[in-house]
Amino acid sequence: MPKTLLDVDGLTVRFEVKRGSGWGKKSYLYAVDDISFEVKQGETLSIVGESGSGKTTAALAVARLVPAHSGTVMLDDGNVLEKQGEDLRQTRQKVQFIFQDPYSSLNPRKRADSIVREPLDNLSEKSEDEKTTIVAELFEAVGLRPEQMKLFPHQFSGGQRQRIGIARALATQPELIICDEPVSALDVAVQAQILNLLRKLQREYNLTYLFISHDLGVVQHMSDAIAVMYMGKIVEHADRISLFTSPRHPYTQALLSAVPTVDRTQRAKQKRILIPGDPPDPINLPKGCRFANRCPIAEAQCSQTEPELKDVGQGHKVACHLV
Amino acid sequence: MAPLLEVENLRIELTTRDGIAPVIDDLSFTLNAGETLSFVGESGCGKSMTALALMGLLPDKIGRVASGKIIFNNEDLTQASDARLREIRGNDISMIFQEPMTSLNPVFTIGEQIAEVLRAHQGLSRAAAWAKAVELLDAVRIPNPKGRASDYPFQMSGGQRQRAMIAMALACEPKILIADEPTTALDVTVQAQIFDLLTDLRRQTSAAIILITHDMGAVAEMAERMIVMYAGRKAEFGPVDQIITHPRHPYTKGLISCVPHIVSDMTEERPDLIEVPGIVPSLKDFGQDRCLFASRCAYVTDKCQASRPSKKLFSNGQIADCWHAEDL
Ligand SMILES: Nc1ncnc2c1ncn2[C@@H]1O[C@H](COP(=O)(O)OP(=O)(O)OP(=O)(O)O)[C@@H](O)[C@H]1O
Ligand SMILES: Nc1ncnc2c1ncn2[C@@H]1O[C@H](COP(=O)(O)OP(=O)(O)OP(=O)(O)O)[C@@H](O)[C@H]1O
Ligand code: SF4
Ligand SMILES: [Mg+2]
Ligand SMILES: [Mg+2]
């Protein structure tokens, strides 16, 4: 049984929002609201959910790229949220980020090799020679050619740029890599190349991924476990097979039923569950379950009390009164 | 019954810094009333350019129809005047774009914009046009359409804007609706609603739909026939079910198998995805007398490098432009 690498407990991130006029009290948008999850070493946890559900914010908070309001983020044995100074620098080496947009996430004025090298310059004490060797190895590991080191980002294709982003993320030998929509901007053929690369690197370096994607086919392929978010909450959390073959939360069921598929058997048995309407105003959340106004099976209690995320067997967790 | 639209040997050329290139290179297809035809292929293969050609909206100055015909109702649109094309766009063929904000005007309310189309093309009075606009918003399932008609585009969510744009495209009761990646920016649950909407509308009005997409799953769900485009050329054409079950062009096969699909018989085993190496050639390399897919193809032989593949027609209606289509 692999050990738990990342253990997030009660993580909350809120943003102050200005709304209306005058001297009214401050309002907060709880983008991530008291979420807890674990990721085992060498495994991939995916976060899915609709736009604005808080996926990116949760990931940024884990990496200390936005401040958390409360909660703990245990990595190995320390709380990431409490690290300061040299400790924090150590932690930053262990947690790296791969972004969605290979076009804007790389500095256009830097050559590929210095982009990959930058985290080493900032976060490590390695000698120049060591760094040069590491960069060369990384280029090879992600499938770029040595002569491409001196090129600028605009001289690469989208997929190659994403490879540079991956090499950069690997530079400090991190334990945890957060991939936020790493293939969404890429064409399907290039997407396959990058997904295969991510899995190969995971096997080779025993990497742990926190993976965000809106493509459920990709998620199904990449993940060991999946957390489904809705309006800042985790509503379901289960291993890959359980989540895809027996989703329990009505939102997850609707989500999976909406995915178009080429598999005829799947299409025949898939009954589309519509969830009309819009999610509630995140600044003015309703009482009770946040999904209640769109939920096809909601009952009176759903708009009264908020359901808690509870284990319904074999670690499959669901936050719904009716499960 | 004659098809609604017939495209014959269409060649569209773009003038760029690197010279003149055929962005659409000898494309022929037909579209029947009430059917959905899907265009798929990677970025840069000419899907949007095909749509723009049908709409008479090729990029100004640099794009032109070099040869071929677009026959709609016995009229060749490639010969039509700008005024006539505008008329057709208003009444017969309309388009939904990928990013609704580019085609909605931010300073007018949604209701005003739809009413304007109705007034221009159906000569309705102001009041009648507004009432019809509200009706259309209701038809695309915008909640509280009476109230929402007075919203500005920025006051709506992405999915609502896309639905408002569909309402606008439908205002003139088009015979052909071209949807260019209509759901790419939307959540799957919203996408499902939009697809349902398109399906209903097609059933009710027997309009034909041209659906441009990257997503093979969307094609399988929405379309009867499909065209796979590669580097400005038609790689494969035919009935969707047949093509997905047994693609006859290596590119189609690659597009289907490189994507991790949600399948009914999910297993613990997750083998690597089948890669299609390389990327789409750039526009300046279009138009050569060889198979443009050759550098990425697992079936390539000398013949493929030497001349452009001819059409291979199969008895089930599938057509693949590949020298080795029968070997697949
Ligand atoms: N810096 C910020 N200030 C204020 N609100 C923010 C900020 N960043 C995010 N939000 C809000 O927090 C919520 C969650 O946003 P987040 O970007 O985490 O969503 P997401 O799930 O990643 O969505 P997407 O799929 O669109 O990327 C949204 O309502 C968003 O508008
Ligand atoms: N205005 C333009 N000027 C020059 N080249 C253009 C222009 N518009 C498109 N192209 C080129 O024409 C080719 C086909 O473009 P098109 O937009 O039809 O692709 P597409 O298949 O719709 O791709 P996507 O999936 O990215 O939308 C591409 O190589 C593109 O770079
Ligand atoms: S013609 Fe040759 S190179 Fe082109 S797709 Fe067919 S086998 Fe491949
Ligand atoms: Mg995000
Ligand atoms: Mg396009």
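It should be emphasised that the depicted structure is a prediction, and the values quoted were computed from it without experimental measurement.

Participant: Describe in detail the site of ligand 3, supporting the description with residues and values.
Facilitator: Ligand 3 sits among 13 residues. The nearest are Cys291, Cys297, Cys304, Cys322 and His324 of chain B. Across the shell around ligand 3, the residue classes tally to 11 nonpolar, 2 polar and no charged.

Participant: Provide a residue-level description of empty space enclosed by the protein, including the pertinent values.
Facilitator: Residues and elements named next belong to chain B. A complete count under the given rule lists 5 cavities of 30 Å³ or more for this structure. The computed volume of the largest cavity comes to approximately 120 Å³. Looking at the largest cavity, the residues that line it are Tyr230, Arg233, Lys234, Ala235, His249, Cys291, Leu292, Phe293, Arg308, Pro309 and Asp321. Looking at the lining of the largest cavity residue by residue, the classes come out as 6 nonpolar, 1 polar and 4 charged.

Participant: Could you give an account of the interface of chain B and chain A, with specific residues and numbers?
Facilitator: With 45 residues of chain B at the interface, the matching set in chain A holds 43 residues. When the buried area of chain B at its contact with chain A is split by residue, Ile262, Met266 and Arg270 of chain B rank highest and sum to 21% of it. Taken together, the connections running from chain B to chain A amount to 5 salt bridges. Of the charged contacts, one joins Arg199 of chain A and Asp272 of chain B as a salt bridge, the two residues approaching to 3.9 Å between their closest N and O atoms.

Participant: Before we move on, can you summarise the layout of surface pockets with the specific residues and values?
Facilitator: Residue and element names in this part refer to chain A. As a volume, the second largest pocket reaches approximately 500 Å³. Only β1 (4-17), β2 (27-40), β3 (44-48), β10 (233-239) and α8 (240-245) provide two or more residues apiece to the lining of the second largest pocket. The element that contributes the greatest number of residues to the lining of the second largest pocket is β2, accounting for 5 residues. Tallied by class, residues from the lining of the second largest pocket come to 10 nonpolar, 6 polar and 10 charged. Both of domain 1 (4-230) and domain 2 (247-323) provide at least three residues apiece to the lining of the second largest pocket.

Participant: Explain the site of ligand 2 residue by residue, including any values.
Facilitator: All names here are of chain B. Taken together, 15 residues surround ligand 2, and among them Ser43, Gly44, Lys47, Ser48 and Met49 come closest. One of the backbone N or O atoms of Gly46 is found 3.0 Å from an oxygen atom in ligand 2. In this structure, an oxygen atom belonging to ligand 2 sits 2.9 Å away from a main-chain N or O atom of Met49. Calculation on ligand 2 without its partners gives an accessible area of 630 Å², and the protein chains cover 67% of this total. Residue contributions to the shell around ligand 2 peak at 3 residues, all from helix α1 (residues 47-55). Its residues placed into classes, the shell around ligand 2 shows 7 nonpolar, 5 polar and 3 charged.

Participant: Residues and numbers for the sheet that holds β1 of chain A, please.
Facilitator: Read across the sheet, 4 strands follow the order β2-β1-β4-β5 (chain A) without closing on themselves; strand pairing throughout is antiparallel. Unpaired on one side and paired on the other, β2 and β5 (78-79) of chain A mark the two borders of the sheet.

Participant: Which residues make up the packing of helix α7 (residues 158-170) of chain B against helix α8 (residues 188-205) of chain B, and what values go with them?
Facilitator: For any two helices packed against each other, one specifies the crossing angle of their axes together with the interaxial distance. Residues and elements named next belong to chain B. Put simply, α7 and α8 touch, their axes get as near as 10 Å, and they point 15° apart. On the basis of their axis angle, the class for α7 and α8 is roughly parallel. Seen from above, α7 lies across α8 with right-handed handedness. Facing Gly159, Gln162, Arg163, Ile166 and Leu170 of α7, the residues of α8 in contact are Val190, Gln193, Ile194, Leu197, Leu198 and Leu201. The residue inventory of the contact of α7 with α8, partitioned by class, reads 7 nonpolar, 3 polar and 1 charged.

Participant: Give a detailed account of the domain arrangement of chain A, specifying residues and quantitative values.
Facilitator: All names here are of chain A. Domain parsing of chain A yields domain 1 (4-230) and domain 2 (247-323). Inter-centroid distance (C-alpha atoms) of domain 1 to domain 2 is 28 Å. Contacts between the two partners involve 13 residues from domain 1, matched on the other side by 13 residues from domain 2. Approximately 1,200 Å² of surface area, both sides summed, lies buried where domain 1 meets domain 2, with 63% of it carried by carbon and sulfur atoms. Applying the counting criterion to the domain 1 and domain 2 interface returns 2 salt bridges. Counting every contact that joins domain 1 to domain 2 gives 4 residue pairs in polar contact (both at pLDDT 80 or more). Put simply, the parts of the chain that give the side of domain 1 that touches domain 2 at least two residues each are β2 and β9 (225-230). Looking at the side of domain 1 that touches domain 2, the element that brings in the most residues is β2, giving 4 residues.

Participant: Let's hear about the packing of aromatic side chains: which residues, and what values?
Facilitator: All names here are of chain B. Throughout the structure, instances matching the rule amount to 9 aromatic pairs over all chains. Here Phe29 and Phe39 contribute two aromatic rings whose centre-to-centre distance is 5.4 Å and whose plane-to-plane angle is 75°, an arrangement assigned as edge-to-face. Taken together, the positions of Phe29 in strand β2 (residues 19-31) and Phe39 in strand β3 (residues 36-40) put the pair 10 residues apart, joining distant regions of the chain. A relative accessible area of 1% means that Phe39 is categorised as buried. Above the face of the Trp323 ring, Lys303 is positioned so that its terminal group lies 4.2 Å from the ring centre.

Calculation notes
- Residues numbered from 1 in each chain as written.
- Chains lettered and ligands numbered in written order.
- Predicted model: local features only at pLDDT ≥ 70, side-chain atom pairs only at ≥ 80, totals over all residues.
- Heavy atoms only, no water.
- Near = heavy atom within 4 Å.
- Nonpolar A, V, L, I, M, F, W, Y, C, P; charged D, E, K, R; others polar.
- 1 Å grid on protein atoms, 1.4 Å probe; cavity = no way out; pocket = protein on both sides within 12 Å on 5 of 7 lines; lining within 4 Å.
- Points joined across faces, edges and corners; volume = space filled by probe spheres on them.
- Contact = heavy atoms within 4.5 Å.
- Buried area = accessible area lost by both parts, 1.4 Å probe.
- Salt bridge = Lys/Arg side-chain N within 4 Å of Asp/Glu carboxyl O.
- Helix = DSSP H or I, 4+ residues; strand = E, 2+ residues; numbered from the N terminus.
- Domains from an automatic or database assignment.
- Polar contact = N/O pair within 3.5 Å; in protein donor to acceptor, adjacent residues only side chain to side chain.
- Areas by Shrake-Rupley, 256 points an atom, 1.4 Å probe, with all protein chains shown as cover.
- Pairing = 2+ DSSP bridges.
- Axes fitted to C-alpha atoms, helices over the stretch in contact; angles between N-to-C directions.
- Parallel < 35°, antiparallel > 145°, perpendicular 65-115°, else oblique.
- Left-handed = near helix turned anticlockwise from the far one by under 90°.
- Phe/Tyr/Trp six-rings, centres within 6.5 Å; stacked < 30°, edge-to-face > 60°.
- Buried < 20%, exposed > 50% of the residue type's maximum accessible area, 1.4 Å probe, protein only.
- Lys NZ or Arg CZ within 6 Å of the ring centre and 35° of its normal.

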